[in-house]
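An overview of the molecular structure
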Amino acid sequence: MKKFSFNLRALLKLREWEEQLARQTFSQTVQEISTLEEKTRRVDEEKDSICRDWDKSHTHSFSRNERLALNGAIADASQASKEVRDALVTAEQRRDEALSRMKQAARKKKVVANLKQCRLEEYHAEAMRQKTIEIEDIYNARSIERRGI
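Thresholds, definitions, all that
Residues numbered from 1 in each chain as written. Predicted model: local features only at pLDDT ≥ 70, side-chain atom pairs only at ≥ 80, totals over all residues. Heavy atoms only, no water. Core = buried A, V, L, I, M, F, W, Y, C linked by side-chain atoms within 4.5 Å. Buried < 20%, exposed > 50% of the residue type's maximum accessible area, 1.4 Å probe, protein only. Helix = DSSP H or I, 4+ residues; strand = E, 2+ residues; numbered from the N terminus. Contact = heavy atoms within 4.5 Å. Patch = residues over 30% accessible without salt bridge, like charges linked within 9 Å, V, L, I, M, F, W, Y side chains within 5 Å. Areas by Shrake-Rupley, 256 points an atom, 1.4 Å probe, with all protein chains shown as cover. Salt bridge = Lys/Arg side-chain N within 4 Å of Asp/Glu carboxyl O. Expected span 1.5 Å × (residues − 1). Phe/Tyr/Trp six-rings, centres within 6.5 Å; stacked < 30°, edge-to-face > 60°.

By size, the foremost hydrophobic cluster in this structure holds six residues: Ile 33, Leu 36, Val 43, Val 84, Leu 88 and Ala 91. Elements represented by at least two residues in this core include exactly helix H1 (9–57) and helix H2 (64–148). With sequence-adjacent residues up to four places away left out, Ala 91 is seen in contact with Thr 29, Glu 32, Ile 33 and Leu 36.

What follows is about a nonpolar patch on the surface. A contiguous nonpolar surface patch, about 300 Å² in accessible area, is contributed by Leu 14, Trp 17 and Leu 21. In this structure, Leu 14 sits in helix H1.

Turning next to the pattern of salt bridges. Under the criterion given, the structure shown has eight salt bridges. Here Glu 19 makes a salt bridge to Lys 109, at a shortest N to O gap of 3.0 Å. Of this pair, Glu 19 sits in helix H1 while Lys 109 sits in helix H2, and the two are 90 residues apart along the sequence. Given a relative accessible area of 8%, Glu 19 falls into the buried group. Residue Lys 109 is classed as partly exposed on the basis of its relative accessible area, which comes to 22%. Members of the salt-bridge network, linked through shared partners, are Glu 19, Arg 23 and Lys 109.

Look at H2: 123 Å from first C-alpha to last across 85 residues, which is about the 126 Å you get at 1.5 Å a residue. Taken residue by residue, H2 has Leu 70, Ala 77, Ser 81, Val 84, Leu 88, Ala 91, Ala 98, Met 102, Ala 105, Val 112 and Ser 143 as its buried positions.

This next bit is on the environment of Gln 28. Position of Gln 28 among the secondary structure elements: in helix H1. Judged by its relative accessible area of 53%, Gln 28 is exposed.

Next up on the list: the side chain of Ser 81. Inspection of the secondary structure puts Ser 81 in helix H2. Residue class for Ser 81 comes out buried when judged on its relative accessible area of 6%. Excluding residues within four positions of it along the chain, Ser 81 makes contact with Val 43 and Asp 44.

What follows deals with the packing of aromatic side chains. All told, the structure shown has one aromatic pair when counted by the stated rule. Ring centres of Phe 4 and Tyr 123 lie 5.5 Å apart, and the angle between their planes is 55°; this geometry places the pair in the tilted category. You can see Phe 4 sitting in the segment before H1 and its partner Tyr 123 sitting in helix H2, a full 119 residues away along the chain. According to the relative accessible area criterion, Phe 4 is partly exposed, its value standing at 26%.

Note on placement: Gln 79 falls in helix H2. For Gln 79, a relative accessible area of 41% corresponds to the partly exposed category. Put simply, Gln 79 and Val 43 are 36 residues apart on the chain and 9.8 Å apart in space, counted from C-alpha to C-alpha.

This is how it looks when you write it as structure tokens:
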């Protein structure tokens, strides 16, 4: 009997490649989200430290320029925080899209892999059937030889 060959081997490889690419994209997006969350924490801490530093260094009354500088520093930190949070929201949306693409790619690959498994099982069943037929033929041939002697 000939060796098992799966005609859709190239399609299975393509689906595996698509799944791997989707997993890499998802992983990169998750890593980007992690980086942005850390950046968000740092920006928030920086904003808090600005106020603490001003409280420590200026125990007396503020001048107009000092107040403007404090407001500017807080506004800059707030703007940076808003930009990072917006980037984080965008990255989370990309993560969700990447997750759905990864799931879809896994499903597509699984369909072809299941088809391959079914064909392999059919091949083994056919091989066993052929083997059984050969054994029966050998048994029948020997039985005929014994009767003929």
